[in-house]
Amino acid sequence: MIRFYIVAVLALSLCSPFWVLAESVSSFTLPSSVNVTIIEAVFDKKNADIEYCSSGGSICRINGGIPFGVDANIPETYVKKITVVFQDRSYVLDATGMYNAWGGRPLEYPGIIRYFGGRCFDELNCHFRGVFSDAAGSFAAEWVVVEGFSFRTVLTGSRDVVSAFLKNIDLPEYE
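Caption draft 1: Representation of the state of the cysteines in the model. Taken as a whole, this structure holds 1 disulfide when the rule is applied. Covalently, Cys120 is tied to Cys126 through a disulfide, its sulfur atoms 2.1 Å apart. Note on the Cys120 and Cys126 pair: the S-S dihedral is about 95 degrees, so by sign convention the disulfide is right-handed.

This is the structure in structure tokens:
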């Protein structure tokens, strides 16, 4: 009976559409010794309320919000979770509204560009920036961790902010 159950579960999992919906996990360590993990999953439009994302005339909305990284198309992936770890402390960064964000890109192309930066000043206070997606759908995000609480302070597709973040992916150090 147990053998039949195991075979049945394996057969169902191979036939299930969820088998195809794999997650993409990108992990890297920043120069500041913070470990970052970005988990993306395939976007299933059947589980979302989508408006105007293919019609061209109005602003695309997914579940009532403006999606970043899609440029008026239905996204292929969404950011499921971003986690940062520093000195045994782990923080989940708000990834709401972030689509087609990371893909298979590396953290950086040395000497050319780095897409994610930031640091923790101590185990309870951190500041991070990221540039996501590519071309017309590029967007920037910024987060702070204050006394152990994580907040996203910026999420924008503004070209000048994206450009500024690319030039200054690591935050300036003030005295």
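Caption draft 2: Up close: the pairing of strand 10 (residues 125-132). Here strand 10 lies mainly inside the structure; 8 of its 8 residues are buried. Covered by surrounding structure in strand 10 are Asn125, His127, Arg129 and Val131 together with Cys126, Phe128, Gly130 and Phe132, the residues of both alternating faces. Where strand 9 (residues 116-122) folds back onto strand 10 in an antiparallel hairpin, the turn is made up of 2 residues. Bridge count for strand 10 against strand 11 (residues 139-146) is 7 bridges, and the pairing is antiparallel. Paired with Arg129 across the bridge in strand 11 is Glu142. Hairpin remark: strand 10 followed by strand 11, antiparallel, with 6 residues in the connecting loop; positive phi at Ser133, about 65 degrees.

Caption draft 3: The packing of aromatic side chains, seen in detail. The final tally for this structure, using the stated rule, is 12 aromatic pairs. Considering the side-chain rings of Phe28 and Trp102, the 5.5 Å spacing of their centres and the 20 degrees angle between planes classify their relative orientation as stacked. One end of the pair, Phe28, is in strand 1 (residues 23-29); the other, Trp102, is in the loop between strand 6 (89-93) and strand 7 (108-109), and 74 residues separate them in sequence. Residue classification places Phe28 among the buried residues on the basis of a relative accessible area of 11%.

Definitions and limits used
Residues numbered from 1 in each chain as written. Predicted model: local features only at pLDDT ≥ 70, side-chain atom pairs only at ≥ 80, totals over all residues. Heavy atoms only, no water. Disulfide = S-S within 2.5 Å. Buried < 20%, exposed > 50% of the residue type's maximum accessible area, 1.4 Å probe, protein only. Helix = DSSP H or I, 4+ residues; strand = E, 2+ residues; numbered from the N terminus. Pairing = 2+ DSSP bridges. Phe/Tyr/Trp six-rings, centres within 6.5 Å; stacked < 30°, edge-to-face > 60°.

Just geometry here; none of it tells us what the structure is for.
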